[in-house]
Amino acid sequence: MTNESPFRKNRAFYIGVVLTVLEGILSGCSYLSVYIVLTALASGTITAGMVGAVTAGLAVIFLLRLVIYSTGYTQVQIGGAAVSKRLRLLLGDKLKKIPLARFTQGQVGQYVNTMTSDVGSYEKILTHSSGNIIKNAALSAVLVGFVCTVWLPAGLILLAVVALLIPDLWLSFRVVKVYGVAKNKVSAETVSGIVEYIDGIQMFRAYNMGGVKNRTVTQAMEEFSRVCYQYEAKGIPIGFGYNIISWGSVPLIMVLAAGPWAAGTLSGVDYLMLSMLPILLTKLTASIAIDLFEWKHLMVSKRNIENLIQEPEEAGEGAPFAPERHDITFRDVSFSYMPGEPVLKRVSFTVPDGKLTAIVGDSGSGKSTILNLIAKFYEPQSGTIAIGGQSIQTVSAERVLAQLSMVDQQVFLFDDTVRENIRYVEQYMFIERLRYTDKLIFLNEIPDSMMDYYIPKLILQPILENSVIHGISEILGRGMIGLSGREEPDALVFSVKDNGRGFPAAVIERIHRCAGDSSLTGTLMQESLGLLNIQKRIQLMYGAPYGLEIENLPGGGSCVTVRLPKRTAPELPAPDAEERSTGHEAADRG
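Residues numbered from 1 in each chain as written. Predicted model: local features only at pLDDT ≥ 70, side-chain atom pairs only at ≥ 80, totals over all residues. Heavy atoms only, no water.

Enquirer: With reference to specific residues and values, describe the sheet that holds strand β5 (residues 390-391).
Expert: In space, the 4 strands of this open sheet follow the order β2-β1-β4-β5, with antiparallel pairing throughout. Whereas interior strands pair on both sides, the edge strands pair on one side only; in this sheet they are β2 (341-351) and β5. On top of the sheet, helix α9 (residues 367-374) reaches β1 (328-338), β2 and β4 (382-387); it is set at about 110° to β1, its chief contact. (Pairing = 2+ DSSP bridges. Helix = DSSP H or I, 4+ residues; strand = E, 2+ residues; numbered from the N terminus. Contact = heavy atoms within 4.5 Å. Axes fitted to C-alpha atoms, helices over the stretch in contact; angles between N-to-C directions.)

Right, here's the structure in full:
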């Protein structure tokens, strides 16, 4: 993290703001021109030359406004997009550094909302809301000043209308503080509930079971609807009351100015302008009130972004971790998900390297918790966990997971349709496009005829992840990744192509041989570990005819081809299968 604020605006943004103010001031010249023509017409001094001069002046002002507006709008969009891009990249990197233990049900929804809607909302503040507020405020100031020069009492009334924005906004901001924050919180909880529902229903569907209702999701959606209603119900009367008062200024000025007009101290043209301009000002102040109410609500999004940036990061992010052996040792480890409800109490054991070790126990006895602690999904409250004699306490989860191949009780190894696998791929690529913005292009060309076949779950996403991390992220210019597929009589064939830097020959040979190689270390080992695990997984399940084929393309880039059996129904594991982990499987050295 640098000390530079991620919300810092660039020069283009401030240039756009200045030009927006200037365009708002110039827009008031149209009313000045009308005033000049009407005054000359009433006094009988109007001439064709005068009309031509005023028309020419309006044409010049219009063209000038057009240039200023287009330039200012473009500059604001460029400046806002630059801030948005910086935030998305920063938050994408930040999420990788947040401890996995914080990705609980309550946090997931907030993280998803912040990465997507909150960043988009803050960009809207910069590119739309701020510009509208500034432009309308500038034009309002011009109108009030002009009315003051025509007839001071009317100008003072309009100034009071503008001043009434202060209590209106104070009340509106209180509504945002209470219900806007609550709406954002409930929205995050709703997203978390949906994520939990999807994650849970997958397990039931794997065993051909499933329901049509979920109480948690239903309650979350009902609460979200209730808060949204209260938000509108509390905010609308405030704006409606201000509109009544501000529109009341129009007849008030007309009645008060009628006396001076009848007495001859106020010209007919002046009276006409005093009757027209308050209508325009009323519309402008109403627009300002709405925009500021929305701006205040969108600032909740900015606070969410700031809170995410301030999230604690994993310890030992840069610490190297490459143990020579992979035995796993627990020493006096204690852990609980909830305070006062311990799951593990001073547990000590050792899983020997390369040996089969079974962890057997009743449901809820802590078998999955042990795997979660090894993978650093959670941190123990006390005790030490070591792999190969090295404590993983100060090592980042990413470094630890690079040394592991782990299967827990989730449904990720069960079969699912090609359609569902593609859905996971598209969700992953959506997140990556948020990080890389216009640098990354993804093209999905899987034919519809393949969508209902069954393949192992999450078999394609790691291959695209490998293309992004080891291919696209390391090249200059735009990266392209394409996913295609075809049917053969007894197989489904998927291809992932990219224009990245390609694979080292040693990595291709290693994966084709489906064997570990102690001569590969560092970057080469990390680059081949994920694909090697997929190769082992496919060949273990279906045999040697199936698996991965990797080649570097002549013009640059690479192609990873996945060959899988064609199946129209899932292959489900036995429901009574024991949970098992092995020292070799839980610590695959690749």
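After presenting the structure, the write-up continues.
Enquirer: Requested: an account of the packing of aromatic side chains, with residues and values cited.
Expert: Aromatic ring pairs are defined here through the distance separating the ring centres and the angle between the ring planes. With the rule as written, the count across this model stands at 9 aromatic pairs. Considering the side-chain rings of Y231 and F293, the 5.8 Å spacing of their centres and the 35° angle between planes classify their relative orientation as tilted. Of this pair, Y231 sits in helix α7 (residues 215-263) while F293 sits in helix α8 (residues 268-309); the two residues are 62 residues apart in sequence, bridging distant segments of the chain. In this structure F293 comes out as partly exposed when scored by relative accessible area, which is 22%. The side chain of K296 reaches across the aromatic face of F173, ending 5.2 Å from its centre. In this structure, K302 is placed above the aromatic ring of F7, and the distance from its NZ or CZ to the ring centre is 5.0 Å. (Phe/Tyr/Trp six-rings, centres within 6.5 Å; stacked < 30°, edge-to-face > 60°. Buried < 20%, exposed > 50% of the residue type's maximum accessible area, 1.4 Å probe, protein only. Lys NZ or Arg CZ within 6 Å of the ring centre and 35° of its normal.)

Enquirer: Outline empty space enclosed by the protein, supporting the account with residue identities and numerical values.
Expert: On inspection of all chains with the given rule, the structure shows 3 cavities of 30 Å³ or more. Of the pockets and cavities examined, the largest cavity occupies roughly 60 Å³. Lining the largest cavity are 10 residues; nearest its centre among them are H470, G471, G502, F503 and S558. When residues in the lining of the largest cavity are grouped by element, the largest group, 3 residues, is from helix α12 (residues 461-470). Its residues assigned to classes, the lining of the largest cavity comprises 1 nonpolar, 6 polar and 3 charged. (1 Å grid on protein atoms, 1.4 Å probe; cavity = no way out; pocket = protein on both sides within 12 Å on 5 of 7 lines; lining within 4 Å. Points joined across faces, edges and corners; volume = space filled by probe spheres on them. Nonpolar A, V, L, I, M, F, W, Y, C, P; charged D, E, K, R; others polar.)

Enquirer: Pulling in residues and values, what's your account of the environment of G556?
Expert: Structurally, G556 can be placed in the loop between β11 (547-552) and β12 (558-565). On a C-alpha basis, the gap between G556 and D498 in space is 8.5 Å, while along the polypeptide they are 58 residues apart. Contacts of G556, omitting those with residues within four sequence positions, involve D498, N499 and G500.

Enquirer: An account of the sheet that holds β12 is requested, with residue identities and associated values reported.
Expert: Reading across from one edge, β7-β9-β10-β12-β11 is the order of the 5 strands in this open sheet, with mixed pairing throughout. Looking at which strands have only one partner, the edges of the open sheet turn out to be β7 (440-445) and β11. In this sheet, adjacent strand axes meet at a mean angle of 15° when their direction is disregarded. Pairing of β7 with strand β9 (residues 479-488) involves 6 bridges; the strand directions are parallel. The residue bridging I441 from the neighbouring strand is M480, located in β9. Strands β7, β9, β10 (491-498), β11 and β12 of the sheet are contacted by α12, whose axis makes an angle of about 15° with β10.

Enquirer: Quick one: what's the story with unusual backbone geometry, residue by residue and with numbers?
Expert: Backbone geometry at D332 places phi at a positive 55°, although glycine is not the residue there. With respect to the element layout, D332 can be found in strand β1.

Enquirer: Give a description of the nonpolar core that names residues and reports values.
Expert: Ranked by internal contacts, the top residues of the largest apolar core, which has 40 residues, are V418, M429, I481, F494, I538 and L548. Here this core gets 6 residues from one element, more than from any other, and that element is helix α11 (residues 418-436). In contact with I481, other than residues within four places in its own chain, are M429, L440, I441, F442, L443, L464, S467, V468, I472, V496, K497 and D498. Counting residues in hydrophobic clusters, the runner-up holds 22 residues, among them A154, I157, L158 and L281. (Core = buried A, V, L, I, M, F, W, Y, C linked by side-chain atoms within 4.5 Å.)

Enquirer: Could you give an account of the pattern of salt bridges, with specific residues and numbers?
Expert: Tallied over the entire structure, the rule returns 15 salt bridges. Measuring nitrogen to oxygen at the nearest pair gives 2.6 Å for the salt bridge that ties D327 to R325. Among the residues examined, R325 registers a relative accessible area of 44% and is labelled partly exposed. One salt bridge in this structure joins E379 and K376, with 3.2 Å as the shortest N-O distance. On the basis of relative accessible area, E379 is assigned to the partly exposed category, the value being 35%. Assessed through its relative accessible area of 6%, K376 is described here as buried. Three or more residues are tied together by salt bridges with common partners; here these are R486, E488, D490 and R563. (Salt bridge = Lys/Arg side-chain N within 4 Å of Asp/Glu carboxyl O.)

Enquirer: Outline α9, listing residues and values.
Expert: Counting buried residues along α9, 8 of its 8 residues qualify, which places the element largely inside the surrounding structure. Considered for burial, the residues of α9 that qualify are K367, S368, T369, I370, L371, N372, L373 and I374. Of the residues one or two after α9, K376 is the one with positive phi, at around 65°.

Enquirer: Explain the environment of Y35 residue by residue, including any values.
Expert: Within the secondary structure, Y35 sits in helix α2 (residues 29-43). The spacing of Y35 and L272 is 237 residues in sequence and 9.3 Å in space, taken between C-alpha atoms. Setting aside its immediate chain neighbours within four residues, Y35 contacts F146, V269, D270 and M273.

The values reported here are purely geometric and, on their own, carry no functional implication.
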